[in-house]
Amino acid sequence: MSDTCLLISLMSYASLVYPYILQGDLIRYVAGAGGTFLIVNTLLAGWLARRRIRVERPDWRQMAREILASLRTVVIFSLVGLAIALSERLGWLAIYGDPLDRGLPYLVFNLLVLIVAHDAWFYWSHKIMHRPGLFRWFHRLHHRSHNPSPWTSYAFDASEALVNAIYLPLALLLMPTSLLAVFLFTAHMMLRNAVGHCGYEIFPARPNGRPLFEWLTTVTHHDLHHARPRYNFGLYFTWWDRLMGTEDPTYLTAFAQAAGKADKRRPQVTPQLPAPAAKG
């Protein structure tokens, strides 16, 4: 096939698949952020009132700004998704349809690797974006939401959205992946992101007030990052923050307080402090 014919074929294919890719990314954001806001922040708000991390709530102007920024992120994600589809069309990526083509153990392994590697990618790219010379160009918009909401989950500068988006094509270059694994990975990413910004501590606590699953980032863990940006850079797991000494020293106390397990004799932790200048 000549270069001209190949280009025409790819453009025709792109025009067919891009509307579905864009629609899928938009649905993922609306379902993840909107669903979390509807269920946690609206329907269950009364029942979860004692687990609210902060007293004040994000106002509608903030959430409107977050949604508008997130729509731009959706477009950027969808364009990277189109690049993935075209790369697969050219045979550059090994993406397959039948999720059991390589067996169930590989599907599970594949999904776990995508999630664990993404957490490492997020931690280090996130920490780098907090460097003084980079913060204003990559991450300042996200931290305008000092008191986040589920809608904050995609409220990125365009540059940050691109950094987040390019993880998936890089991962797909390294390992064959089924469409189901991609779907489960992106659904998990969206849900954990939206829940992490919801403002209510929905993760279970032990009787002593510590998180039941200490290796998972809780809502309090990420909420503290929005209050004190020097700490808590992890997305799904606490491993990197603990290894690198970047976990907020007040985290366990703040979690116990939010989970209703605080020792009444200890001083209460207040996450809603003025955000200091963001540094790495």
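Throughout, residues of each chain are indexed from 1 in the direction in which the sequence is written. Only residues with pLDDT of 70 or above have their local features reported here, since the model is predicted, and side-chain atom pairs are shown and tallied only from 80 upward, although totals for entire chains, interfaces and linings are computed over all residues. Side-chain metrics rest on all non-hydrogen atoms present in the structure, leaving aside hydrogens and water.

Student: Looking at this model, I keep getting lost on the packing of helix 1 (residues 3-43) against helix 2 (residues 60-89). Mind explaining?
Tutor: The relative placement of two packed helices comes down to the angle between their axes together with the axis-to-axis distance. Angles shown run from 0 to 180 degrees and are taken between the N-to-C directions of axes, each axis being a line fitted to C-alpha atoms and, for helices, limited to the stretch in contact. Helix and strand assignments come from DSSP, with helices taken as H or I runs of at least 4 residues and strands as E runs of at least 2, each series counted from the N terminus. Across the interface, helix 1 lies against helix 2 with an axial gap of 8 Å and an inter-helix angle of 145°. Handedness of the helix 1/helix 2 crossing: right-handed. Amino acids are sorted into nonpolar (Ala, Val, Leu, Ile, Met, Phe, Trp, Tyr, Cys and Pro), charged (Asp, Glu, Lys and Arg) and polar (every other residue, Gly among them). When grouped by side-chain class, the residues that make up the contact of helix 1 with helix 2 number 21 nonpolar, three polar and three charged. Crossings are sorted by hand: turned counterclockwise from the far helix by less than a right angle, the near helix makes the crossing left-handed, and turned clockwise it makes it right-handed.

Student: Would you take a moment to explain the layout of surface pockets for this structure?
Tutor: Both site types are read off a 1 Å grid over the protein atoms alone. A 1.4 Å probe that fits but cannot get out defines a cavity, while an open set with protein on both sides within 12 Å along at least five of seven lines defines a pocket; lining residues have an atom within 4 Å of a point. Grid points are joined across faces, edges and corners, and a volume is the space filled by probe spheres set on the points. By volume, the largest pocket amounts to about 890 Å³. Taken together, 33 residues form the lining of the largest pocket, with Ile21, Arg28, Leu168, Val182 and Thr186 sitting closest to its centre. Listed by contribution, the elements that provide at least two residues to the lining of the largest pocket are helix 1, helix 2, strand 1 (95-96), helix 6 (158-165), helix 7 (167-174) and helix 8 (179-196). The greatest single-element share of the lining of the largest pocket, amounting to 10 residues, is contributed by helix 1.

Student: Sorry, what's going on with the nonpolar core here?
Tutor: What tends to happen in soluble globular proteins is that the nonpolar side chains get buried as a cluster. What makes a nonpolar core is a set of buried Ala, Val, Leu, Ile, Met, Phe, Trp, Tyr and Cys residues whose side-chain atoms join them at distances within 4.5 Å. Buried residues are those whose accessible area, probed at 1.4 Å on protein chains only, stays under 20% of the maximum for their type, while exposed residues exceed 50% and partly exposed ones sit between those limits. Formed by 49 residues in total, the largest nonpolar core has its most connected members in Tyr29, Tyr154, Leu172, Phe185 and Tyr236. Looking at this core, the elements that each hand over two or more residues are helix 1, helix 2, helix 3 (104-129), helix 6, helix 7, helix 8, helix 9 (219-227) and helix 11 (251-258). Counting six residues, the second largest nonpolar core, distinct from the first, contains Ala14, Ile21, Leu82 and Ala85.

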